[in-house]
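# Topology and contacts: notes
Single-letter residue listing:
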Amino acid sequence: MTLSRRDFVTGLTGTGAVWIAGAVACRDAADSAMQTHTPPADSPAPPRELKFLTTDEFTEVEAFAARIIPTDETPGAREAGCAWFIDGGLATFGKDQQPLIREGLVTLARDVAKKHKGKRRFSELTEGEQDAMLKTMERTPLFGFLRFTTIAGMFALPKYGGNKDYIGWELVGQEHVFEFKPPFGWYDRPENQRALIGRVL
């Protein structure tokens, strides 16, 4: 499952939105920033303490996320801390998904053991073996949940656990501000409006 950065960013249109609560959290942060007219300078990552996942479960989730957004010439899900976002979400606004993740990881371990003698953990497989496993899981609830939340963790504010050091925002060219002043782009610049339509809107 090789995924280029271009393919990944293009594929974001199919997600609809990031994990809904993560989107709400980002909106709230944006509202706050707009009111004060300052960028969210203080959006530190929370302490790295597991809130729901066990250590073994976290290792599996992190390995899974690392294949959804792999590390190549730029940092991926592992460096962005997407698994920490997922753990935090499962302990708060995603509590109703706890059975899905816990039961799904048990099933994943069982499937790994069936296909790879002597192994029981997804994280023990090679990247090629992991990708092959993921291809067989693409229509399962576990895959859908972890793909969606990995993407959410890549782009939510760092204070929710992922997007460490704004890695995700830098990947797509998002500035660390929530208020932009005109001119916003090429078409908004007075000289370009005059050239296009003969006047400034």
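As shown above, the structure is provided for reference.
First, a word on scope: everything that follows refers to the structure included in this document. (Residues numbered from 1 in each chain as written. Predicted model: local features only at pLDDT ≥ 70, side-chain atom pairs only at ≥ 80, totals over all residues. Heavy atoms only, no water.)

## So, the packing of aromatic side chains
All told, the structure shown has five aromatic pairs when counted by the stated rule. For the pair phenylalanine 64 and phenylalanine 122, a centre-to-centre distance of 5.6 Å together with 35 degrees between the ring planes defines the contact as tilted. Here phenylalanine 122 lies in the loop between helix H6 (98-115) and helix H7 (127-137) and phenylalanine 64 lies in helix H3 (residues 55-68), a separation of 58 residues in the sequence. The exposure class assigned to phenylalanine 122 is buried, which follows from its relative accessible area of 0%. Measuring from centroid to centroid gives 5.0 Å for tyrosine 166 and tryptophan 169, while their planes differ by 50 degrees, and the two rings are tilted. Both residues of the pair, tyrosine 166 and tryptophan 169, count as buried. Every member of this aromatic cluster is reached through a ring pair, and the members are Phe64, Phe122 and Phe143. (Phe/Tyr/Trp six-rings, centres within 6.5 Å; stacked < 30°, edge-to-face > 60°. Helix = DSSP H or I, 4+ residues; strand = E, 2+ residues; numbered from the N terminus. Buried < 20%, exposed > 50% of the residue type's maximum accessible area, 1.4 Å probe, protein only.)

## A look at the packing of H3 against helix H8 (residues 141-155)
Contact pair H3 / H8: the axes reach a minimum separation of 10 Å and the direction vectors enclose 70 degrees. With respect to H8, the element H3 is oriented roughly perpendicular. Within the contact between the two elements, H3 uses Val61, Phe64, Ala65 and Ile68 and H8 uses Phe143, Leu146, Arg147 and Thr150. Considering only residue class, the contact of H3 with H8 consists of six nonpolar, one polar and one charged. (Axes fitted to C-alpha atoms, helices over the stretch in contact; angles between N-to-C directions. Parallel < 35°, antiparallel > 145°, perpendicular 65-115°, else oblique. Contact = heavy atoms within 4.5 Å. Nonpolar A, V, L, I, M, F, W, Y, C, P; charged D, E, K, R; others polar.)

## Focus on the nonpolar core
Val61, Phe64, Ile101, Leu108, Phe122 and Leu146 are the most contacted members of the largest nonpolar core, which totals 40 residues. At the level of elements, H3, helix H4 (77-80), helix H5 (82-91), H6, H7, H8 and helix H9 (167-172) are the ones that each hand at least two residues to this core. When residues in this core are grouped by element, the largest group, eight residues, is from H8. If we skip the residues at most four places from it in the chain, phenylalanine 122 touches Glu60, Ala63, Phe64, Arg67, Leu108, Val112, Gln130, Met133 and Leu134. (Core = buried A, V, L, I, M, F, W, Y, C linked by side-chain atoms within 4.5 Å.)

## Some thoughts on the packing of H6 against H8
The geometry of H6 relative to H8 is characterised by a closest axis approach of 9 Å and an angle of 120 degrees between their N-to-C directions. Relative to H8, the crossing made by H6 is left-handed. Counting all contacts with H6, which are made through Leu100, Ile101, Gly104, Leu105 and Leu108, the residues of H8 involved are Pro141, Leu142, Phe145 and Leu146. For the contact of H6 with H8, a count of residues per class yields eight nonpolar, one polar and no charged. (Left-handed = near helix turned anticlockwise from the far one by under 90°.)

## Observations concerning the environment of glutamate 79
You can see glutamate 79 is positioned in helix H4. It is 9.0 Å that separates the C-alpha atoms of glutamate 79 and glycine 162, two residues lying 83 residues apart in sequence. Leaving out residues up to four positions away in the same chain, glutamate 79 has contacts with Thr71, Lys164 and Ile167. At 2.7 Å, the side chain of glutamate 79 and the side chain of threonine 71 are in polar contact. There is a polar contact of 2.8 Å between the side chain of glutamate 79 and the backbone nitrogen of glycine 76. (Polar contact = N/O pair within 3.5 Å; in protein donor to acceptor, adjacent residues only side chain to side chain.)

## Here we look at the pattern of salt bridges
In total, this model carries eight salt bridges according to the counting rule given. Of the charged contacts, one joins arginine 67 and glutamate 127 as a salt bridge, the two residues approaching to 3.7 Å between their closest N and O atoms. Of the two residues, arginine 67 is situated in helix H3 and glutamate 127 in helix H7; the sequence distance between them amounts to 60 residues. Residues aspartate 131 and arginine 67 are paired through a salt bridge, measuring 2.9 Å at the closest nitrogen-oxygen approach. (Salt bridge = Lys/Arg side-chain N within 4 Å of Asp/Glu carboxyl O.)

None of the figures reported here should be taken as evidence of function without further support.
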